[in-house]
Amino acid sequence: MKARLPPMIAIAAIAAAPLLLSDYYIILMNYIGLASLVALGLVLLTGVAGLTSFGQAAFVGLGAYATAVVTTRYGWSPWLGLAVGMTLTATAALFLGFITLRLSDQYLPLGTIAWGISIYFAFGNLVFLGEHSGIPGIPPLSLFGWTIDTGWRLYLVIWLVVLLALLAARNLLDSRIGRAIRTLNGHARMAESFGVDTGRLKIIVFVYSALLASLAGWLYAHFLRYVSPSPFGINAGIDYLFMAVIGGSGHIWGAVAGASILTLMREWLKDILPHLLGRNGNYEIIVFGLLVVLLLHRTSSGLMPFLVRMLPGGRLLRPVAAAPLPQRPRLARGETLLAIDRVSKSFGAIGAVRELSFELKAGGIVGLIGPNGAGKSTVFNLATGLLPVTAGSIMFRGQRIERLGSREIAELGIARTFQHPNLLADRSALENAAIGAHLRGEAGLIAASLRLERAEEARLRDEAARQLERVGLGANLHDAAGSLPLGSQRILEIARALCADPLLLLLDEPAAGLRHLEKQALAALLRDLRDDGVSILLVEHDMNFLMGLADRVLVMEFGRLIADGPPHAVQSDPAVLEAYLGVAA
Amino acid sequence: MNLDIALWLSQDAITNGAVYALLAIALVLVYTVTRIIFVPQGEFISFAALSLASLQAGQVPGTVYLLIAGGILVVAADSVGLPRAVALQRLPGRLIRQMALPLAAGGIAWWSASRPDDLWLQIVATLAIVTPLGPMVYRLAFQPIAHASVLVLLIVAVAVHYVLTGMGLVFFGGEGLRSNPYSSLSFNVGVLNVTAQSLLIVFASVTLMAALWFVFERTLYGKALNATAINRTGAQLIGVSPSFSGQLSFALAAFIAAISGLLIAPTTTVYYDTGFLISLKGFVGATVGGMASYPLAVVGSLLVGFLEAGSSFWWSAFKDSLVFTLIVPVLLWRSLATPHSEGDERQ
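Residues numbered from 1 in each chain as written. Chains lettered and ligands numbered in written order. Predicted model: local features only at pLDDT ≥ 70, side-chain atom pairs only at ≥ 80, totals over all residues.

Undergrad: Help me understand the overall build of chain A, please; the structure alone is not making it clear to me.
TA: Along chain A, the regular secondary structure elements total 23 helices and 14 strands. Projected onto the principal axes, the alpha-carbon positions of chain A cover approximately 90 × 50 × 50 Å. Split into buried and exposed, the 585 residues of chain A put 52% on the buried side. Restricting the contact set of chain A to residue pairs at least 6 apart, pairs at least 24 apart contribute 74%. (Helix = DSSP H or I, 4+ residues; strand = E, 2+ residues; numbered from the N terminus. Buried ≥ 20, exposed ≤ 12 C-beta atoms within 10 Å, placed from the backbone. Contact = placed C-beta atoms within 7 Å.)

In structure tokens form, the structure reads like this:
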């Protein structure tokens with residue numbers, strides 16, 4: 001694939017660098033490598049998952065201090081130092097993640113700023129950690145009797161680690177867990193309704209990024225052979241975030257780009273500015289700050305998207321034919337599937353749904369109609385656990401579900417689409433559809449990073465491709481979801497829901513924005529699904545579309561059910577006519 | 001610890017807490033209106049305190065030149081992208097509008113520097129220099145990217161903080177300055193020696209809070225800011241320009257920061273980077289209210305004041321560490337009190 005070329009060139013440049021660069025630049029490159037590791041964690045955390053941390057420098061410090069203490073005070077091996085540092089970091093990150101990530105997204109930056117400042121002062125004041133003068137005399141690493149104590153040996157170790165981390169991150173993002181991580185950035189509700197445990201996943205990504213920082217800290221301690229508090233303060237934490245954002249926080253190579261630009265810019269400004277402006281003043285932070293502001297005015301997504309546009313096209317996610325995933329056993333026609341019993345939902349004083357009761361039998365297509373604001377979408381949100389009910393009960397196949405969360409309901413076999421398409425706009429249709437199959441795979445983060453889940457991944461992708469072909473988007477597998485027309489985006493939502501292998505499919509206005517022929521195709525698809533044993537409840541405004549399709553129509557007004565019956569009977573029901581036309585017929 | 005010390009520490013706590021509360025209010029104001037976490041607030045505090053001290057030393061502070069340069073840049077930024085003829089035609093009006101205040105502030109500062117004993121003139125000059133810097137910063141750094149994500153706005157805010165800190169060092173040097181006390185009076189209340197200085201701080205903070213309350217509840221501009229904070233698009237539809245709201249909130253925040261700077265200037269030696277740490281403590285206070293509630297921000301700031309006073313007595317090396325660790329139990333409490341993840345959905 002031609003898209004492999006740019007990373008290859010970058011890797012070749014990294015390998016050739018020790019032959020070409022002076023000792024000074026080798027050391028600078030070592031710093032860049034360490035910073036790249038930390039920034040890579042932030043690319044995953046900030047760029048992909050949409051969470052912000054200012055505390056990464058503190059995790060670097062934790063890794064560095066842990067190994068410094070155990071190697072100098074107790075004479076343990078650096079490898080034990082690594083284990084201790086990683087354990088401490090994981091514990092701290094789990095705790096911080098637990099208390100902040102359940103809250104809305106601005107709390108992680110706040111919590112990590114506080115954490116970063118506290119730990120900096122703790123490093124500087126604990127006698128045990130050498131106070132502000134730090135801990136000297138840290139032994140060098142040694143691998144197979146080969147002592148890593150010169151600049152270029154360290155260079156090899158650091159950049160090998162960086163490349164491995166980049167590879168693992170690339171693998172991770174190109175997997176089931178990676179797709180779920182991408183949904184964390186503003187699509188958590190959608191992800192939950194396909195069974196993604198977003199709260200847990202946020203914590204996992206945060207811990208992953210903290211561990212990368214801690215690893216950098218371990219290397220740092222054995223590279224400099226001395227630790228002191230100053231490189232781990234809040235300013236360093238801000239610098240790492242700068243690197244990720246400047247490099248382009250959505251791209252893993254953005255970490256390397258950002259770390260290089262920031263480190264080199266700092267060094268050069270420190271060299272050049274005193275000659276131009278005199279030595280009296282800290283001019284480089286002024287110029288540096290101005291450059292960052294100007295850069296973000298030009299391109300708020302960082303440099304990497306700009307670089308990528310100049311390079312050959314992106315990687316394709318190619319499905320290969322694989323053994324189909326197992327399907328749920330279909331239900332007998334007529335079995336009671338969903339029973340809604342006197343359900344009410346109030347928002348403050350407004351009753352959106354009032355004492356609503358109806359039952360759905362397996363194997364039918366049922367339409368749910370009503371004027372705007374009648375409470376149709378609220379019914380969907382109640383049945384899928386996105387909103388808690390105020391009163392009443394909802395049963396799915398004889399099991400109470402009104403107190404269950406979206407994830408558990410998804411596991412029982414209910415899948416839905418959203419009234420406003422809720423898609424990852426810049427990812428392909430295939431990736432979007434594959435999110436629907438989240439619960440049908442189980443490979444986790446480590447398996448994905450090491451590519452041990454390729455067989456499962458192939459089956460998931462194959463399923464996604466198959467469902468896209470089924471709904472008629474076979475030609476658009478690799479198109480970005482956001483580039484599709486709105487009607488096709490709704491159809492893509494259906495394909496994603498089908499990937500979950502549902503028994504009950506809830507469709508929120510699937511035909512809106514479709515042309516006549518597309519509506520006919522959609523109707524044919526829904527009939528086909530019904531014949532395949534999938535029950536369908538759909539909210540729709542287009543009566544003509546429903547008339548030829550639904551077996552039964554429910555009509556809601558002001559949160560209540562006002563009619564229930566076959567389409568033609570409902571169409572002439574006086575209460576329905578009054579609701580729609582405002583006059584008694 | 002006996003009662004005397006407790007009272008003495010409480011006095012300290014309330015005095016400091018009052019300043020943090022002002023800063024927390026400004027942070028909440030700017031965040032709710034513009035979604036910007038106003039990191040450069042600290043520099044406005046330092047600029048105010050150091051400008052006052054410079055004027056008392058008979059010097060025109062460097063911030064005046066920053067103000068004039070900022071005015072020119074704003075005129076330039078407003079003219080960019082316009083056809084040359086239009087830009088030239090509008091230039092005189094713009095120059096008058098944008099440069100009147102900076103030049104007037106410069107004039108007052110120059111006059112004030114020649115009268116080192118006129119305290120009121122120094123205060124007016126300081127406020128006139130620092131307040132207009134707020135809207136200038138908004139216009140130049142944030143207005144062009146007002147719709148960017150909270151993260152990008154935050155990174156730009158940090159970059160602006162760097163620029164202004166660097167300039168603070170250029171203008172005022174690395175040595176700290178301390179201004180003359182406003183009053184050396186003190187009273188004995190029981191065992192407590194209450195200084196007029198700390199009474200002034202508390203009085204000024206409370207007055208300013210009351211004035212802000214009045215602005216928000218009773219004036220059109222205050223209501224416009226409130227409307228923008230609640231719903232940006234809605235406010236825009238009824239005619240509140242987001243650029244105007246942004247500049248106004250930055251002007252208020254700069255004014256509040258300047259007042260805080262004036263209040264602390266005689267109580268401690270202020271360095272070019274002192275403001276940042278002070279403003280971070282206001283930030284911890286604002287976090288208690290989730291960056292959204294003014295009353296809780298005030299409560300949180302007082303809490304910070306008490307914690308700081310207490311820890312400076314028991315464990316002074318860890319004073320700052322403890323203050324920032326306060327955020328942890330606060331977050332834990334908010335986390336346990338919140339049943340559901342509030343992750344905001346992008347539609």
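Undergrad: Would you take a moment to explain the nonpolar core for this structure?
TA: Nonpolar side chains in soluble globular proteins tend to be buried together. By size, the foremost hydrophobic cluster in this structure holds 293 residues, and its most contacted members are Ala39 and Leu40 of chain A together with Ala26 of chain B. Of all the elements, helix 9 (residues 198-224) of chain A adds the most residues to this core, at 18 residues. Those residues within four positions of Ala39 of chain A in sequence are excluded, and the remaining contacts are Tyr240, Met243, Ala244, Gly247, Ala255, Gly258 and Ala259 of chain A. (Core = buried A, V, L, I, M, F, W, Y, C linked by C-beta atoms within 7 Å.)

Undergrad: What's the story with unusual backbone geometry in this structure? I'm lost.
TA: All names here are of chain A. Even without being glycine, Arg451 reaches a positive phi, approximately 60°. Of note, Arg451 is situated in the loop between helix 17 (445-449) and helix 18 (454-471). Positive phi, normally seen in glycine, also occurs at Glu509, with a value near 50°. Examined against the element boundaries, Glu509 turns out to sit in the loop between strand 11 (504-508) and helix 20 (516-531).

Undergrad: How should the interface of chain A and chain B be read in this particular structure?
TA: Interface size is commonly expressed as the accessible area that is lost once the parts come together. Listed as interface residues are 43 residues of chain A and, on the opposing side, 42 residues of chain B. When residues of the side of chain A that touches chain B are traced back to their parent elements, those giving at least two are helix 4 (78-101), helix 5 (107-125), helix 8 (188-192), helix 9, helix 10 (234-247) and helix 12 (283-298) of chain A. Ranked by residues supplied to the side of chain A that touches chain B, first place goes to helix 12 of chain A with 10 residues.

Undergrad: Hey, could you run me through the domain arrangement of chain A in this one?
TA: Residues and elements named next belong to chain A. The assigned domain composition of chain A is domain 1 (5-310) and domain 2 (336-581). For domain 1 and domain 2, the distance between their C-alpha centroids amounts to 42 Å. Listed per partner, the contact involves 22 residues of domain 1 and 28 residues of domain 2. Secondary structure elements with two or more residues in the side of domain 1 that touches domain 2: helix 6 (151-173), helix 7 (176-183), helix 8 and helix 9. (Domains from an automatic or database assignment.)

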